[in-house]
Amino acid sequence: MNESRIGAKLSLGERVYEDLRVAITLGEIPQGQVFNEADLIARYNVSTSPLREALTRLRQDGLVKGIPRRGYAVTELTLRDFHELVQMRMINEGAAAELAAPRITDRHVAEMQHLSSAPLVIGDAKSYRNFMQANQAFHELIASVADNARLLKATTQTFDEIQRILFTGLSAAEDGDLKHDHDDIIAALARRDGPAARKAAIEHIKQSRNRVVQRMLRRDKPLEDLCLMP
C-alpha cells in the first residue's frame, strides 16, 4: 500500500477509515452489503464522530454510498466501471513505469521482486489478503519511484476500486497456480528501459483483465456483456 499510510500515527477516524477501506477493497466486506452506523460502532467500539469522518472519506472515494433510512452500502462495480478502471490503469501505470525507469535503483528492484514473491493459496484468507496487498504495493511502488504525487494518488485510487474484482471467483481448479506475473515489468525497469517498461505494464494489465473476464465467463455471465477491450 501507499508508503504514506505505513508507520504514520493515525487518528481514530483515520484508523477506522483505513481498516474499512482495506476490508472493502479486498472484498472482505462484499459489494452491495448494507450496514449502518450502529453496526460499525459495535465493530470498532468508537463514537459517531470518528465513524462519520471515516464514512465521509469512503463516500468521497466512491467505496460506499448512503441509503436513505437504511444506512450505507458498499458500492457495486458495473462492467462499464471495470472497463473504465482498466483503461485508467493502462494510462496511469504505463506512464508511471516509463517515468520510473531512469530513477529505479537496485534496492527498488529487490523490493519489487520481494513483493512479487508473495504466494497465493486458494482458500487461505491470510494468504489472499497478503497477495492482494503485495500486488497493490508493487504497482504503487512504481508510481512512487516515478516521483509524481498525482500519478501515485491516481494509481492508489484506481487500485482501491478495482482490487475488489481482480481476484474474485478464484477456484483451486482454475487458479491454483496464480502468480503476480510482474517479471517483464521488473526486467524492463532493471534495464532502465522506459518504453519497454510502459509496454510491459500495459500488457500485464491486459492479461489481468482477461483473467477476470475468463472467471466471469466460468460463472455464466452473458457473453454480450463481456466484450474484451482492444
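Before any of the text, the structure's been laid out above.
Thresholds, definitions, all that
- Residues numbered from 1 in each chain as written.
- Predicted model: local features only at pLDDT ≥ 70, side-chain atom pairs only at ≥ 80, totals over all residues.
- Heavy atoms only, no water.
- Salt bridge = Lys/Arg side-chain N within 4 Å of Asp/Glu carboxyl O.
- Helix = DSSP H or I, 4+ residues; strand = E, 2+ residues; numbered from the N terminus.
- Buried < 20%, exposed > 50% of the residue type's maximum accessible area, 1.4 Å probe, protein only.
- Axes fitted to C-alpha atoms, helices over the stretch in contact; angles between N-to-C directions.
- Parallel < 35°, antiparallel > 145°, perpendicular 65-115°, else oblique.
- Contact = heavy atoms within 4.5 Å.
- Nonpolar A, V, L, I, M, F, W, Y, C, P; charged D, E, K, R; others polar.
- Polar contact = N/O pair within 3.5 Å; in protein donor to acceptor, adjacent residues only side chain to side chain.
- Phe/Tyr/Trp six-rings, centres within 6.5 Å; stacked < 30°, edge-to-face > 60°.
- Lys NZ or Arg CZ within 6 Å of the ring centre and 35° of its normal.
- Left-handed = near helix turned anticlockwise from the far one by under 90°.

S.K.: How should I be thinking about the pattern of salt bridges in this particular structure?
M.R.: Opposite charge on two side chains lets them pair, provided their charged atoms get close. For the structure shown, the criterion picks out twelve salt bridges. In this structure, Glu 37 engages Arg 52 in a salt bridge whose closest nitrogen and oxygen atoms are separated by 3.1 Å. Taken as a pair, Glu 37 in helix α2 (residues 37-44) and Arg 52 in helix α3 (residues 48-61) lie far apart in primary sequence, 15 residues in all. Across the pair Arg 191 and Asp 193 runs a salt bridge, and its minimum N-O distance is 3.9 Å. What makes Arg 191 exposed here is its relative accessible area of 52%. Judged by its relative accessible area of 28%, Asp 193 is partly exposed. Connected via shared salt-bridge partners are Glu 18, Arg 21 and Asp 160.

S.K.: Explain the packing of helix α1 (residues 12-25) against helix α7 (residues 149-166) here, please?
M.R.: If you want to describe how two helices pack, look at the angle between their axes and the distance between the axes. Closest axis-to-axis distance for the α1/α7 pair is 8 Å, and the angle between their directions is 40°. Between α1 and α7, the angle is such that the two are oblique. Residues Arg 21, Ile 24 and Thr 25 of α1 touch α7, and the partners they reach there are Asp 160, Gln 163 and Arg 164. Residues of the contact of α1 with α7, tallied by class, amount to one nonpolar, two polar and three charged.

S.K.: Just checking my understanding: could you explain the side chain of Glu 93 for this structure?
M.R.: In this fold, Glu 93 is placed in helix α4 (residues 79-100). Separated by 2.7 Å, the side chains of Glu 93 and Arg 89 make a polar contact. For Glu 93, the side chain forms a polar contact with the side chain of His 139, separated by 2.8 Å. Apart from residues no more than four positions distant in its own chain, Glu 93 is found in contact with Met 88, His 139, Thr 155, Phe 159, Ala 201 and Ile 205.

S.K.: How do you make sense of the packing of aromatic side chains when you look at a structure like this?
M.R.: Any two aromatic rings considered together are summarised by their centre-to-centre distance and by the angle between their planes. Counting across every chain of the model gives one aromatic pair. Ring geometry for Phe 35 and Tyr 72: centres 6.1 Å apart, planes at 20°, overall stacked. Of this pair, Phe 35 sits in strand β1 (residues 34-35) while Tyr 72 sits in strand β3 (residues 71-74), placing them 37 residues apart in sequence. Sitting above the plane of the Tyr 17 ring, Arg 57 keeps its charged end 3.8 Å from the centroid.

S.K.: Help me understand the packing of α4 against helix α6 (residues 125-145), please; the structure alone is not making it clear to me.
M.R.: At a closest axis distance of 7 Å, the pairing of α4 and α6 adopts a crossing angle of 55°. As summarised for this structure, α4 and α6 are arranged oblique, according to the angle between their axes. Along this stretch, α4 crosses α6, giving a crossing that reads as left-handed. Residues Arg 89, Glu 93, Ala 96, Ala 97 and Ala 100 of α4 lie in contact with α6, whose contacting residues are His 139, Ile 142, Ala 143 and Val 145. Here the contact of α4 with α6 is built from residues that sort into six nonpolar, one polar and two charged.

S.K.: Whenever I open this one, the environment of Glu 18 confuses me. Can you help?
M.R.: As for its placement among the helices and strands, Glu 18 is situated in helix α1. Residue classification places Glu 18 among the buried residues on the basis of a relative accessible area of 16%. Spatially, the C-alpha atoms of Glu 18 and Leu 58 are 9.4 Å apart, while their sequence positions differ by 40 residues. A polar contact is formed between the side chain of Glu 18 and the side chain of Arg 21, at a distance of 3.1 Å.

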